[in-house]
Amino acid sequence: MTKLRIYCNTCRTQTWHERVAAHSHSRLDQLFGFSHEIDSSVLICRGCEDVSFRLVKHPFEFQAEGDGPEELVFPDRKHKLRKRKYFWKLPKHIEVLYKEVVSAHDANLTLLSTVGVRGGLIEAIVADKISPQNYKDRLDSKIDSLLAHFPETVIETLHEFRKMGNKAVHKLEAPESLNIHHALYVIEGIMEFFYGVEQHAKLFSEHRKEWRGHAS
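Residues numbered from 1 in each chain as written. Predicted model: local features only at pLDDT ≥ 70, side-chain atom pairs only at ≥ 80, totals over all residues. Heavy atoms only, no water.

**Considerations on the nonpolar core**
Link 1 in the chain: Counting residues in each nonpolar core, the largest one holds 30 residues, and the members touching the most others are Leu158 and Met191.
Link 2 in the chain: Secondary structure elements with two or more residues in this core: α1 (92-106), α2 (110-129), α3 (139-144), α4 (152-170) and α5 (177-195).
Link 3 in the chain: The element that contributes the greatest number of residues to this core is α5, accounting for eight residues. (Core = buried A, V, L, I, M, F, W, Y, C linked by side-chain atoms within 4.5 Å. Buried < 20%, exposed > 50% of the residue type's maximum accessible area, 1.4 Å probe, protein only. Helix = DSSP H or I, 4+ residues; strand = E, 2+ residues; numbered from the N terminus.)

And the structure:
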């Protein structure tokens, strides 16, 4: 039996999968008038024995030589997905926006997730936490208003997000998905600062008071 190494959702790591069934066929595309080969296989993880389905679509004859086959694995591999973070007392509109940006990222909707980071989350956080007296009605000014809370290197990074978002909005140029992945880490750090640290500190203080009450 043929084996290949792919990510297993249950084992949460790369594992060997055994191909227990396979089928190949040629499909005529009605739009292009050309056929392309499709390979299907059933895979079993040699660790947990969960079953996956793998579909490989080979390029059409007219496609460039550099175009490789398209591989799909079902269920979708969870390592591609971001785990959304929970923030204490996060305003509802920011929570909804954050969830939608992460969902767009997970669905490879790079343009939408870029716009969400650039024009949504950053502006929403500034509007909620920074006094309007400290910035003008421009995104660059709003980003600069965060300098009172974060190092200049973070502010420079946020400006890079702004430029990346400008290209997505005005030129429809999508950055690499990995750039949005890292951008979300920075945004989540800012959200943790404004909406997480204080609440965790309060929770710690309450637990300490409760413990002292039981100890006395």
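**Thoughts on the pattern of salt bridges**
Two side chains bearing opposite charge may form a pair once their charged atoms approach each other closely.
Link 1 in the chain: All chains considered together, the criterion is met by eight salt bridges.
Link 2 in the chain: Linking Lys99 and Glu95 is a salt bridge whose minimum nitrogen-to-oxygen distance equals 3.2 Å. On the criterion of helical spacing, the pair formed by Lys99 and Glu95 is a turn pair, its members being four residues apart in helix α1.
Link 3 in the chain: For Lys99, a relative accessible area of 34% corresponds to the partly exposed category.
Link 4 in the chain: Residue Glu95 is classed as partly exposed on the basis of its relative accessible area, which comes to 24%. (Salt bridge = Lys/Arg side-chain N within 4 Å of Asp/Glu carboxyl O.)

**Points about the sheet that holds strand β4 (residues 51-57)**
Link 1 in the chain: With antiparallel pairing, the five strands of this open sheet are ordered in space as β1-β2-β3-β4-β5. The open sheet has two edge strands, β1 (3-8) and β5 (70-74), and neither has a second partner. Averaged over all neighbouring strand pairs, the angle between strand axes comes to 35 degrees, with direction disregarded.
Link 2 in the chain: Pairing geometry for β1 and strand β2 (residues 13-28), over six bridges, is antiparallel. Paired with Tyr7 across the bridge in β2 is Gln14. (Pairing = 2+ DSSP bridges. Axes fitted to C-alpha atoms, helices over the stretch in contact; angles between N-to-C directions.)

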